[in-house]
Amino acid sequence: MYPNLYYLIKELFGLSIPFLKSVSSAGFFMALAFLPGAWLWEYELKRKEKNGELTYRTETVIVGNGANIKRILFHFLLGFIAGFKLIGLFINQSSVQNNTDYFFSLQGNLIAGIACGSVWALITFYTGYKQKLTVPQKETVKIYPHEYVPHAILVAALSGIIGAKFFGLMENWNAFIHDPLAQIFSSNGFAFLGGFIVATFAMWFYHYKFGVQRMRIADALAPSLILSYSLGRLGCQISGDGDWGINNIHAKPFSWLPNWLWSYNYPHNILHKGIYIQHCTWDDYCNKLAVGVYPTPLYELIIGLILFSILMLIRKRVKLAGRISAFYLMFMAVERLFIEQIRVDVRYNFLGLHPTQAEILSVFCFACGVFLYLIAPKLNANKKLH
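About the cut-offs
Residues numbered from 1 in each chain as written. Predicted model: local features only at pLDDT ≥ 70, side-chain atom pairs only at ≥ 80, totals over all residues. Heavy atoms only, no water. Helix = DSSP H or I, 4+ residues; strand = E, 2+ residues; numbered from the N terminus. Buried < 20%, exposed > 50% of the residue type's maximum accessible area, 1.4 Å probe, protein only. Contact = heavy atoms within 4.5 Å. Core = buried A, V, L, I, M, F, W, Y, C linked by side-chain atoms within 4.5 Å. Disulfide = S-S within 2.5 Å. Axes fitted to C-alpha atoms, helices over the stretch in contact; angles between N-to-C directions. Parallel < 35°, antiparallel > 145°, perpendicular 65-115°, else oblique. Left-handed = near helix turned anticlockwise from the far one by under 90°. Nonpolar A, V, L, I, M, F, W, Y, C, P; charged D, E, K, R; others polar. Arc of directions from axis to C-beta. Salt bridge = Lys/Arg side-chain N within 4 Å of Asp/Glu carboxyl O. Phe/Tyr/Trp six-rings, centres within 6.5 Å; stacked < 30°, edge-to-face > 60°. Lys NZ or Arg CZ within 6 Å of the ring centre and 35° of its normal.

1. Topic: the side chain of Ser224
Phase 1: You can see Ser224 is positioned in helix H11 (residues 214-239).
Phase 2: Judged by relative accessible area, which is 3%, Ser224 ranks as buried.

2. As for the environment of Leu5
Phase 1: Among the structural elements, Leu5 can be located in helix H1 (residues 5-13).
Phase 2: In this structure Leu5 comes out as buried when scored by relative accessible area, which is 8%.
Phase 3: The spatial distance from the C-alpha of Leu5 to the C-alpha of Val23 is 5.8 Å, given a sequence separation of 18 residues.
Phase 4: Setting aside residues no more than four positions away along its own chain, Leu5 makes contact with Leu20, Val23, Ser25, Phe28 and Phe29.

3. Section: unusual backbone geometry
Phase 1: The residue His268 is not glycine, and still its phi comes out positive at about 65°.
Phase 2: Position of His268 relative to the elements: it lies in the loop between helix H12 (259-262) and strand S3 (275-276).
Phase 3: Under the relative-accessibility criterion, His268 is labelled buried at 13%.

4. A short note on the nonpolar core
Phase 1: Within the largest apolar cluster, 29 residues are counted, with the highest numbers of intra-cluster contacts made by Trp41, Leu45, Met203, Ile226 and Tyr328.
Phase 2: Of all elements in the fold, only helix H3 (34-50), helix H7 (149-171), helix H10 (192-206), H11, helix H13 (296-314) and helix H14 (323-340) reach the threshold of two or more residues within this core.
Phase 3: The residues contacting Leu45, other than those within four sequence positions of it, are Leu54, Pro145, His146, Val149, Ile217 and Ala220.
Phase 4: Ranked by size, the runner-up nonpolar core spans 15 residues in total, among them Tyr7, Ile9, Trp282 and Cys286.

5. Examining the state of the cysteines
Phase 1: Taken as a whole and judged by the stated rule, the model has one disulfide.
Phase 2: Paired by a disulfide, Cys280 and Cys286 hold their sulfur atoms 2.1 Å apart. Here the disulfide of Cys280 and Cys286 is left-handed, its torsion about the S-S bond being about -75°. Each member of the pair, Cys280 together with Cys286, is buried.
Phase 3: There is no disulfide at Cys236, and the cysteine sulfur nearest it, in Cys365, is 18 Å away.

6. Focus: the packing of H3 against H11
Phase 1: The N-to-C vectors of H3 and H11 enclose an angle of 160°; their axes lie 8 Å apart at closest approach. Judged by the angle between their axes, H3 and H11 are roughly antiparallel. Relative to H11, H3 is oriented so that their crossing is right-handed. Contacts from Phe34, Pro36, Gly37, Leu40, Trp41, Glu44, Leu45 and Lys48 in H3 reach Arg216, Ile217, Asp219, Ala220, Leu221, Pro223, Ser224, Leu227, Ser228 and Leu231 in H11.
Phase 2: Here the contact of H3 with H11 is composed, by residue class, of 11 nonpolar, three polar and four charged.

7. Focus: helix H2 (residues 25-32)
Phase 1: When we look at burial in H2, the residues that qualify are Ser25, Ala26 and Phe29. The buried residues of H2 occupy one face: seen down the axis, they fall within an arc of 100°.
Phase 2: For H2, the elements touching its buried residues are H1 and H11.

8. Section: the pattern of salt bridges
Phase 1: Evaluated as defined, the whole model comprises 12 salt bridges.
Phase 2: Put simply, Arg343 and Asp243 hold a salt bridge, and the shortest N to O gap is 2.6 Å. Placement of the pair is Arg343 in the loop between H14 and helix H15 (357-381) and Asp243 in the loop between H11 and H12, with a sequence separation of 100 residues. Neither Arg343 nor Asp243 differs from the other in exposure class; each is buried.

9. Let's talk about the packing of aromatic side chains
Phase 1: In this structure the tally under the stated criterion is 16 aromatic pairs.
Phase 2: With 5.5 Å between their ring centres and 20° between their planes, Trp39 and Tyr43 make a pair best called stacked. Taken together, the positions of Trp39 and Tyr43, both in helix H3 and four residues apart, correspond to about one turn of that helix.
Phase 3: Residue Tyr43 is classed as partly exposed on the basis of its relative accessible area, which comes to 40%.
Phase 4: With centroids separated by 5.3 Å and ring planes inclined at 20°, the aromatic side chains of Phe254 and Trp256 adopt a geometry described as stacked.
Phase 5: A residue is classified by how much of its surface remains accessible, and Phe254, at 45% relative accessible area, is partly exposed.
Phase 6: Three or more aromatic residues joined by ring pairs form one cluster here, namely Tyr2, Tyr6, Tyr7, Trp282 and Tyr285.
Phase 7: Geometry around Tyr6 places Lys21 over its ring, the cationic atom sitting 4.8 Å from the centre.
Phase 8: Across the ring face of Tyr373, the terminal group of Arg323 is positioned such that the distance to the ring centre comes to 3.6 Å.

Here it is in structure tokens:
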């Protein structure tokens, strides 16, 4: 396992780059998973626009006003934060003991922050100045759904992180009550399915401006969400962030099956779980599980890619708006219900049953998927989705 990119790059290429210790493997691969999802979503939206399933909306804008002071100040602030923290971390890496604590402290490099903020502000000012007209004009422009993908991905990423952290805190309530700040600002303790659900609803409300077309936008988004969710699980597997399964001491069902795909002990995991690895030189990451467990992140990656392939195969054949979204909800619910049977998780006492948080959310998602599947013909007949 590679808790951060430093150890991954060092093992693959033999390069020692201390700055990379600040880049979590889990976060890096989760962020990377958004890229193919974003590309696919934009591709699907353009396909639906070309087929006439989606159309544009009009908006009146004023062009030629020059640089906007609010935009300049906002970009200065973003540049300042990036320079202050990121460049500061690069310069002062040797004195930073804990990267998470560093990012939530007042430590940083003031000169780098001012320099980066000023450069971005000047670029923004110059861009606006070049577009300035003697007499500003009003223009009516056409805006297609695919043009909002970059903004929507940012909304999905932020809402997904917030949702994953919120449900993670609920799942580990006792630890949260004991030390709230440490749990909130910890790089661990994220509930993937919670973030997945919150991001899905955030996307729905974000595209509310497109009114009756939002269900078709959701159908275009469904395969992308499954793809990004599946690829994001690579981050969990590579970092060893605790999303593994229960102990697996059973014999392999097939001799050709690799040991790491059946029972894995997650050496150098980011949670410091298990027994000490003799002669380890990986800073604080010198533990491995005493007993091998099911590598459930890999199972979710494989199952997710299969479900993604199914959605891609049927998306052009399913004509009713909303049906692809319904399949997506049901597929993801069944996938997670299956994984929960072999995964380590907190269980609740509910009416004599002992479900996990993910099982409860999965049942909710499946019910929503069934409901959407059943009402799709009626909604299409009433032309509420066109």
